[in-house]
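Understanding the architecture of this molecule
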Amino acid sequence: MECPNCKKQTLFRKGFKLVCSNPNCRYTITVPVNDGKGGKGNKCPVCGRFTWFNGRCSSCGAHD
Ligand SMILES: [Zn+2]
Ligand SMILES: [Zn+2]
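Residues numbered from 1 in each chain as written. Chains lettered and ligands numbered in written order. Predicted model: local features only at pLDDT ≥ 70, side-chain atom pairs only at ≥ 80, totals over all residues.

Looking at the sheet that holds strand β1 (residues 11-14)
With antiparallel pairing, the 3 strands of this open sheet are ordered in space as β1-β2-β3. Sheet topology places β1 and β3 (28-30) at the edges, where each strand pairs with a single neighbour. Direction aside, neighbouring strands of the sheet carry axes that sit 20 degrees apart on average. Note that strand β2 (residues 17-20) and β3 share 3 bridges and pair antiparallel. Among the inter-strand pairings, Leu-18 is bridged to a residue of β3, identified as Ile-29. (Pairing = 2+ DSSP bridges. Helix = DSSP H or I, 4+ residues; strand = E, 2+ residues; numbered from the N terminus. Axes fitted to C-alpha atoms, helices over the stretch in contact; angles between N-to-C directions.)

In structure tokens, the structure reads:
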């Protein structure tokens, strides 16, 4: 992918982040766990839905 910072094709996905492998840039973006598409998160201990992202449930609002 093209890095929005250095404009080179050096942007790679690394877990939940997009990381630029250009040593002079090192741009990183945190990608939403579900990519904004409503993908599966972890199971919420309160409502039981798989909508637990980053310590917070996006369905019922429960959090750590
Ligand atoms: Zn870059
Ligand atoms: Zn919940």
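Thoughts on unusual backbone geometry
With a phi angle near 65 degrees, Lys-7 is a residue other than glycine that sits in the positive phi range. Along the chain, Lys-7 falls in the segment before β1. The class of Lys-7 is exposed, set by 10 C-beta atoms lying within 10 Å. Phi angles above zero are rare outside glycine, and Asn-54 is one such case at about 50 degrees. Looking at the element boundaries, Asn-54 is found in the loop between β4 (52-53) and β5 (56-57). Classification of Asn-54 by C-beta neighbours within 10 Å gives partly exposed; the count is 13. (Buried ≥ 20, exposed ≤ 12 C-beta atoms within 10 Å, placed from the backbone.)

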